[in-house]
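Structure assessment
What follows is the residue order along each chain.
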Amino acid sequence: MDKKQLKMSTFNDALDQIKDGMIVGIGSGTTIELLVPKIAEKLEQEQIHIIGVCTSNKTALIAKEFGIQVIEVNDVDHIDIAIDGADEIDHDLNLIKGGGGALFREKVIDAMADRFVVLADDSKCVDYLGQTFRLPVEVDKFNWLLVEKCIKAYNDLKVTRRMVDDVPFITDNGNYILDVELNEGIQPFDMHEFLIHLIGVLETGYFLNVTDQAIIGTPTGVKIKNKYSK
Ligand code: 5RP
């Protein structure tokens, strides 16, 4: 099975958790873009209705195209379930997210949800955060270079501003992304605390203690990991 098939093998377990009348946080990335049509199919088949709150402009556009009602996060006071992808998942279900640059809105919506479910193929499972993926940090354009210098000075880390086709990547919030190369010695909670207090940092791609369930597609079947069971 290729990665796409592994990602899609997680969908049934996620879709089963979507019920009539729910407000559903809809994440970002290729996994979720494949999931959205399946959500629409379920709504049609079961004649049920949900309201979507999306973590990126792109997902909102796709969800609307598939006939899912989408509203703004400021118009809800709770979210029943959020379903999203991840770039890395450690043994405690802590994550790195933000490969698509949507980490701020993802954090708002995923953390706000009563239940947060992550879908991924097994290549995303790691022993420590930063093992395979750099940590995205969203920073204001005004002083981004000063922030980059501060992060570089912390344990001599490598930091690069994210570029796409030779131009800086701009988030839905109009900011830059700095990608920070981590190492095994970096403690996620300490690193997040350091970063989040730098003036100019909007959010980090660490999603710590927020995941309720990870549904992982593996070549030998789907593995479900819940928050308190290992
Ligand atoms: C976007 C994200 C995505 O959830 C993450 O990058 C995983 O993406 P994909 O589903 O394409 O593997 O955090 O900001």
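Above: the structure in question.
My aim in this report is to walk through the structure given alongside it, one point at a time. (Residues numbered from 1 in each chain as written. Predicted model: local features only at pLDDT ≥ 70, side-chain atom pairs only at ≥ 80, totals over all residues. Heavy atoms only, no water.)

Let's talk about the overall build of the chain
Along the backbone of the chain there are seven helices and 16 strands. Relative to a compact globule of 230 residues, whose C-alpha radius of gyration would be 17 Å, the chain shows 17 Å and is just as compact. Counting only residues that meet the buried cut, the chain has 50% of its 230 residues in that class. For the chain, the computed accessible surface area is about 11200 Å², with 50% contributed by carbon and sulfur atoms. Here the chain carries 24 positive and 38 negative side-chain charges, and the mean point of each set is 3 Å from the other. (Helix = DSSP H or I, 4+ residues; strand = E, 2+ residues; numbered from the N terminus. Rg over C-alpha atoms; globule rule 2.2 N^0.38 Å. Buried < 20%, exposed > 50% of the residue type's maximum accessible area, 1.4 Å probe, protein only. Areas by Shrake-Rupley, 256 points an atom, 1.4 Å probe, with all protein chains shown as cover. Lys, Arg positive; Asp, Glu negative; His and termini not counted. Charge placed at Lys NZ, Arg CZ, Asp CG, Glu CD.)

Digging into unusual backbone geometry
One non-glycine residue, Asp156, adopts positive backbone phi at about 60 degrees. Classification of Asp156 as exposed rests on a relative accessible area of 71%.

Side note on the nonpolar core
Counting residues in each nonpolar core, the largest one holds 26 residues, and the members touching the most others are Ile26, Leu35, Ile39, Ile50, Ile68, Ile83 and Leu119. When contributions to this core are tallied by element, the ones reaching two or more residues are helix H2 (11-15), strand E1 (23-26), helix H3 (30-46), helix H4 (57-65), strand E4 (79-84) and strand E7 (113-121). With six residues, the top contributor of residues to this core is H3. Apart from the residues within four sequence positions on either side, Ile83 is in contact with Ala14, Ile18, Gly25, Ile26, Gly27, Ile32, Leu35, Val117 and Leu119. Counting residues in each nonpolar core, the second largest holds 22 residues, with Val137, Val159, Met191 and Tyr206 among its members. (Core = buried A, V, L, I, M, F, W, Y, C linked by side-chain atoms within 4.5 Å. Contact = heavy atoms within 4.5 Å.)

A few points about the sheet that holds strand E14 (residues 206-207)
With antiparallel pairing, three strands are arranged side by side in an open sheet as E5-E6-E14. Every other strand in the sheet has two partners, leaving strand E5 (88-89) and E14 as the edge strands with one partner each. In terms of strand pairing, E5 meets strand E6 (residues 95-96) through two bridges, oriented antiparallel. What sits directly across from Ile89, in E6, is Leu95. (Pairing = 2+ DSSP bridges.)

Here we look at the site of the ligand
Around the ligand, the surrounding shell holds 17 residues, and the nearest of these are Thr30, Thr31, Asp87, Gly98 and Lys124. Within the side chain of Asp84, an N or O atom sits 3.5 Å from an oxygen atom of the ligand. Considering the ligand on its own, with 380 Å² of exposed area, one finds that the protein chains cover 93% of that surface. (Near = heavy atom within 4 Å. Polar contact = N/O pair within 3.5 Å; in protein donor to acceptor, adjacent residues only side chain to side chain.)

Some remarks on the environment of Ser123
On the secondary structure map, Ser123 appears in the loop between E7 and strand E8 (135-139). Residue classification places Ser123 among the partly exposed residues on the basis of a relative accessible area of 34%. Sequence-wise, Ser123 and Ser28 are 95 residues apart; in three dimensions their C-alpha atoms are separated by 18 Å. In terms of polar contacts, Ser123 uses its side chain to reach the side chain of Asp121, at 2.4 Å.

Re the pattern of salt bridges
Scanning the model with the defined rule gives seven salt bridges in all. The partner of Arg162 in a salt bridge is Asp179, with the nearest N and O atoms 2.9 Å apart. Note that Arg162 is positioned in the loop between strand E9 (159-161) and strand E10 (163-164) and Asp179 in strand E12 (residues 176-180), a separation of 17 residues in sequence. Accessibility assignment for this pair places Arg162 and Asp179 in one class, buried. Members of the salt-bridge network, linked through shared partners, are Asp84, Lys97 and Glu106. (Salt bridge = Lys/Arg side-chain N within 4 Å of Asp/Glu carboxyl O.)

Examining helix H7 (residues 188-196)
Regarding H7, the residues found buried are Pro188, Met191, His192 and Leu195. Buried positions in H7, seen along its axis, are confined to an arc of 100 degrees and lie on one side of it. Considering only its buried residues, H7 is in contact with helix H5 (103-112), E8, helix H6 (144-153), E12, strand E13 (201-204) and E14. (Arc of directions from axis to C-beta.)

Considering the side chain of Asp87
Along the chain, the position of Asp87 falls in the loop between E4 and E5. One buried charged residue, Asp87, remains without a salt bridge, the closest side chain of opposite sign being Lys124 at 4.7 Å. Polar side-chain contacts of Asp87 include one of 3.1 Å to the backbone nitrogen of Gly98. Setting aside anything within four residues of it in sequence, one finds Asp87 in contact with Ile96, Lys97, Gly98, Gly99, Lys124 and Phe133.

Keep in mind these numbers describe shape, not what the thing actually does.
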